[in-house]
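# What the coordinates show
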Amino acid sequence: MKTSVKAPAKINLTLDVTGKRTDGYHDVKMIMTTVDLADRIHLSLQDRQDIEVRVNNGQLPTDENNLAFQSAALLKSKFHIQGGVVIDIDKYIPVSAGLAGGSTDAAAVLRGLNDLWQLGLTLEQLAEIGLQIGSDVPFCVYGGTALAEGRGEKLTFLPSPPTCWVVLAKPPAGVATKDIYKRLRLNDIEHPDTAGMIRAIENSDYREVCRLLQNVMETATFELNADVKKIKDRMIESGADGTVMSGSGPTVFSLCRNDKKALRLYNALKGFVDQVYLVRMLG
Ligand code: ATP
């Protein structure tokens, strides 16, 4: 038995860090939405007991360090499944980019195996299992648009944001999320207007969505990787409607309503950085 599952990336319209917790995680408050830049996961059940991961990207682990492997292993042991699975990942989402590439693969495997192994779990149950793998996995189980709080697992679903183009650009060098957290001065943060962004989404007010894009990690990431700031500046100079870094970076994205403007922006960035994508917001 086989199935194929789409695993879309997410972007952060806002990202706020509200405190450090006793369990070592930070409390966050962020609005996330899915975009049409996706990995494809192909699952085929096999009689052999093992879980095998194959990826079209040599950078990624194929053992238990792959989050897709972890999803399969968790479901297999939790529900005493006989037999194994081959997981083929067609990777299109850039890795270590702030786009939840690993989490979305993990979530897609949870959804796909729930069907193939006929577990009958609800999305809520899958999200709870996914939280054991990573803080962004619960959101990725559902997709759409949501306010995420706590570690990222407390989700309040929102309507889709106004439709638009999204231009994403990722510089070659990544930035370690833990180094960014170390540099965050929690007492000295200019917090995003999360409530304002929720209102803008609810009112389908595109201009206000663009105006309120904000990520408290930007400053720390800019200090660690100057290219990220250069990309942001280039996007603003090229006429983007709104621009901000996603997650802990280093991907920066811009919103554009107008087709021609989006294409102009895409081309302006293409000569500047290798990894540039022009996609639709899925929300
Ligand atoms: P986030 O936005 O959730 O912080 P990210 O987009 O910054 O995530 P990922 O692409 O998820 O980062 O990769 C982070 C790490 O996870 C990398 O070191 C990568 O090797 C590892 N990883 C494990 N499994 C996967 C997978 N299926 N896809 C991508 N990365 C994976």
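Residues numbered from 1 in each chain as written. Predicted model: local features only at pLDDT ≥ 70, side-chain atom pairs only at ≥ 80, totals over all residues.

Attention now moves to the UniProt feature "binding site: ATP" (unreviewed entry) in the chain. What UniProt calls "binding site: ATP" (unreviewed entry) maps, in this numbering, to Pro 94, Val 95, Ser 96, Ala 97, Gly 98, Leu 99, Ala 100, Gly 101, Gly 102, Ser 103 and Thr 104. With respect to the element layout, Gly 101 can be found in helix 2 (residues 101-116). Assessed through the 27 C-beta atoms surrounding it within 10 Å, Gly 101 is described here as buried. Here Gly 101 is in contact with Ala 9, Asp 39, Ile 93, Pro 94 and Val 95, once residues within four sequence places are set aside. (UniProt positions renumbered as here; feature names shortened; annotations may be inferred. Helix = DSSP H or I, 4+ residues; strand = E, 2+ residues; numbered from the N terminus. Buried ≥ 20, exposed ≤ 12 C-beta atoms within 10 Å, placed from the backbone. Contact = placed C-beta atoms within 7 Å.)

Because each turn of an α-helix spans 3.6 residues, side chains separated by three or four positions end up pointing in the same direction. Taken together, the buried positions of helix 6 (residues 194-202) are Thr 194, Met 197, Ala 200 and Ile 201. In a view along the axis of helix 6, the buried residues occupy a sector of 115°, so they form one face of it. Residues of helix 6 that are exposed and angled more than 90 degrees away from the buried face: Ala 195 and Glu 202. In this fold, the buried residues of helix 6 make contact with strand 1 (2-20), strand 2 (26-46), strand 5 (145-150) and helix 7 (206-211). Of the residues trailing helix 6, Ser 204 is marked for its positive phi of about 50°. (Arc of directions from axis to C-beta.)

Checked against the element boundaries, Asp 193 lands in the loop between helix 5 (177-183) and helix 6. Distance from Asp 193 to Leu 15, taken between C-alpha atoms, is 9.8 Å for residues 178 residues apart in sequence.

Right, let's get into the UniProt feature "active site" (unreviewed entry) in the chain. Listed under "active site" (unreviewed entry) in the UniProt record, and renumbered for this structure, are Lys 10 and Asp 136. Across 127 residues, the annotated set stays spatially compact, with a maximum C-alpha separation of 9.5 Å. Within the fold, Lys 10 resides in strand 1. The residues touching Lys 10, leaving out its near neighbours within four places in the chain, are Met 32, Thr 33, Thr 34, Leu 99, Ala 100, Phe 139 and Cys 140. Looking at the element boundaries, Asp 136 is found in the loop between helix 3 (123-130) and helix 4 (137-142).

Their axes nearest at 7 Å, the elements helix 1 (residues 67-78) and helix 2 cross at an angle of 35°. The two elements helix 1 and helix 2 meet at a crossing, and its hand is right-handed. Counting all contacts with helix 1, which are made through Leu 67, Ala 68, Gln 70, Ser 71, Ala 72 and Leu 75, the residues of helix 2 involved are Gly 102, Ser 103, Asp 105, Ala 106, Val 109, Leu 110 and Leu 113. Tallied by class, residues from the contact of helix 1 with helix 2 come to 8 nonpolar, 4 polar and 1 charged. (Axes fitted to C-alpha atoms, helices over the stretch in contact; angles between N-to-C directions. Left-handed = near helix turned anticlockwise from the far one by under 90°. Nonpolar A, V, L, I, M, F, W, Y, C, P; charged D, E, K, R; others polar.)

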